[in-house]
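Each chain is listed here by its residues.
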Amino acid sequence: MSGSYQVLTPATWRETAQGVPCSVLYGDVYHGAAGALAQARQIFLPGNGLPGRWRGRPAFTIAETGFGLGQNFLAAWRAWRDDPQRSARLHYLAFEAHPFALPDLRRAWGRLPADMQALADELAACWPALLPGVHRLDLQAGRVSLTLILGDIRRTARQAQACVDAFFLDGFAPRVNPDMWSLAVFKQLRRLAGAGATAATWCAAGQVRRDLRAAGFLVDKVPGFAGKREMTVAVLRPGLGQTPGPLPRQSVAVVGAGLAGAGLAQVLALRGHRVQVWDDWDVRQLPVAVRRRGAAALVPALSPDDDTRARLSRVGLQRAWAHWSGLAGDARPQPCGALVCAQSEAQAQRQRQMLARLDFPADWVRWLDAGQAGAQAGVPLPYGGLWFAQALRACPGELVAALLSSPGVQYRAGRVADLRPLPGGGWRLCDAAGAMLAEADQVVLANALGAPALLARVAGAAAGAAPSVSAQAAAASGGTAGRVEPDGSRLSAWPVLAGLTPLAGQVSLYPVPDGLSAVPRCVVSGQGYCLPPRHGWGVAGSTYRPHAADAVADAAGHADIRRQLRGWLPADAVPWLDHPAPAGWAGWRTATRDHLPVIDAVAQHPGLWLACAYGSRGLSWSALAGELLAARLDVEPWPIERELQHRIRLR
């Protein structure tokens, strides 16, 4: 839960009489009269030894306190782009309590030199909705990443995770914004610092220099810029800081070729890792017409206190769109929007109260009354609901097929039944007979209930115990062929896995004639959901059967789905729902008690990872899991807050 939720207050545009942007809240300018680019090129870049220090490196990470109007980032990106000896990748981590909306940023960026407009345009094209938390922006074909953390730096500095090489300290003056320059913040920067990290700032206040020293930096004064007598530079004391070492590309074996495995495989391959996906079933074997029938929605969650699931779901949507929007044809999700419909007038009132408390931007979520909601969906809706314009409709079969066909991803047919650690590090993958299938530096278990079953087998082998019959059966089945429980005695070190619940469920697939395919125009959900038809098929769902012996699509399930929808959708609102004998799809979900995924390294077994328990949010967690694993393997800034990673850890 997030009881300490704070509303994010965006900045508003204001200029001094000289035309310099300034803050209404702090009464200070965003840069000196000499200009932001000149300041970046005379203070922050040379004060951190750039561009020289990033040359020849696989990656280089800069952190900035106070993103402001983004000119320091654009200047660093431009300097990096223009350097033929630049690092292979540039990561930029930036903190901002009061971000600007895009129209104001465009006003500022319009004053940049003509040769920087292309960079500004690329940044503008992916500028996020102004929501609290972490936002990852991928630029220059993924070789530059901007990780924005929006919120009060007293909290967000504790939530960031990275290995920073250079700090741009560029908050408003200490006299008006002392929290930005506090010893507590500097100690968090030291936590983020890599060995030999440097810092530079225009500020030469004595207390700032003393606090930097107290935090572990060696501090010096150098000649200032544009009328300032002095500025401050610093370097982390020897013996302090992270030392992650070189970043070699890894061979990664992903166990499971469903949405979980395919999504993270694509992300890891984009980072240059050699990825093999192991499973004994490949969705690409299905006819295209069959793959196109299914559909699913990616809709963010919302809670009054902006809890863990809500925060993870919006990052998941962001990362899914970032990685999947470039896919071709039916593999590319459609941003059709979604209405989370109130089921009563009392619930409608609670939804409105929740939005008033969160104060999220209307371009991300807003309330629609009954008339507005009905006009948006094309069907009458009695109570209105929450409108998420960026929600996606996806075709899972085509999506997974495309992800498995990504460059750098190799599908391998075979059921992984055992894992054995190699003496020099890494893992051997074996089949049920004990024969070797492959060896890999890293192994990711993304095979639903089969993941904890395989982990139980590994734990049992490490303890010198023979695997139980149930562990062997679960590992062999991958948790998909009926309800198979892992051996709980082997999972005692990880209670979250011992508590996993397999849930059978189904969706109904309706053939929709062309004349009836216009409704609904967006995802509509409440008790059950209904998706816009595509390729002659409509989808309604779903059922949850926690104690089922098998996952089957049957008449009772179709009736249950209709019953849910008729509780709030008026009769004949969606005509194709009244067609007899729909087709169906059934399968298994695996969920934890708190309905959060498990995405983490297995600390007791180096090189082994879990990405499982996605429940009914496989689309939300798929690409995000890949980002989390990639960040930890490649020592990148994390795409979520540390407390969120803590809550989805293997515990």
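Nothing here was measured: the structure is a model prediction, and the numbers come from that model.

Draft legend 1. Quick peek at the confidence of the model for the protein chain. Looking at the protein chain as a whole, the pLDDT averages 92, with 95% of positions reaching at least 70. Confidence over residues 466–484 falls short of pLDDT 50; this stretch has 47 contacts with residues more than four positions distant or in other chains.

Draft legend 2. The arrangement of the sheet that holds strand 7 (residues 217–223) in detail. Taken in spatial order, the eight strands make up an open sheet running 3-4-2-1-5-6-8-7, and their pairing is mixed. Looking at strand neighbours, the two that pair on one side only are strand 3 (133–139) and strand 7, the edges of this open sheet. Ignoring which end each strand starts from, the neighbouring axes of this sheet average 15° apart. Packing of helix 1 (residues 36–47) onto the sheet brings it into contact with strand 5 (164–169), strand 6 (193–201) and strand 8 (230–236), and relative to strand 6 it is tilted by some 160°. Each of strand 5, strand 7 and strand 8 touches helix 7 (residues 206–215); the most contacted strand, strand 7, lies at about 150° to it.

Draft legend 3. Spatial organisation of unusual backbone geometry. In this chain, L50 is followed by P51 through a cis amide linkage whose omega measures 15°. Along the chain, P51 turns up in the loop between helix 1 and strand 1 (59–65). Cis geometry is found at the peptide bond from G541 to S542, where omega equals -10°. Along the polypeptide, S542 turns up in the loop between strand 24 (537–541) and helix 17 (555–566). For Q140, which is not glycine, the phi dihedral falls at a positive 45°. One can find Q140 in the loop between strand 3 and strand 4 (144–150).

Draft legend 4. Fine view of the environment of A108. With respect to the helices, strands and loops of the structure, A108 is situated in helix 3 (residues 102–109). Residue class for A108 comes out buried when judged on its relative accessible area of 5%. With 95 residues separating them along the chain, A108 and W13 place their C-alpha atoms 9.5 Å apart.

Thresholds, definitions, all that
- Residues numbered from 1 in each chain as written.
- Predicted model: local features only at pLDDT ≥ 70, side-chain atom pairs only at ≥ 80, totals over all residues.
- Heavy atoms only, no water.
- pLDDT = per-residue confidence, 0-100.
- Contact = heavy atoms within 4.5 Å.
- Pairing = 2+ DSSP bridges.
- Helix = DSSP H or I, 4+ residues; strand = E, 2+ residues; numbered from the N terminus.
- Axes fitted to C-alpha atoms, helices over the stretch in contact; angles between N-to-C directions.
- Buried < 20%, exposed > 50% of the residue type's maximum accessible area, 1.4 Å probe, protein only.

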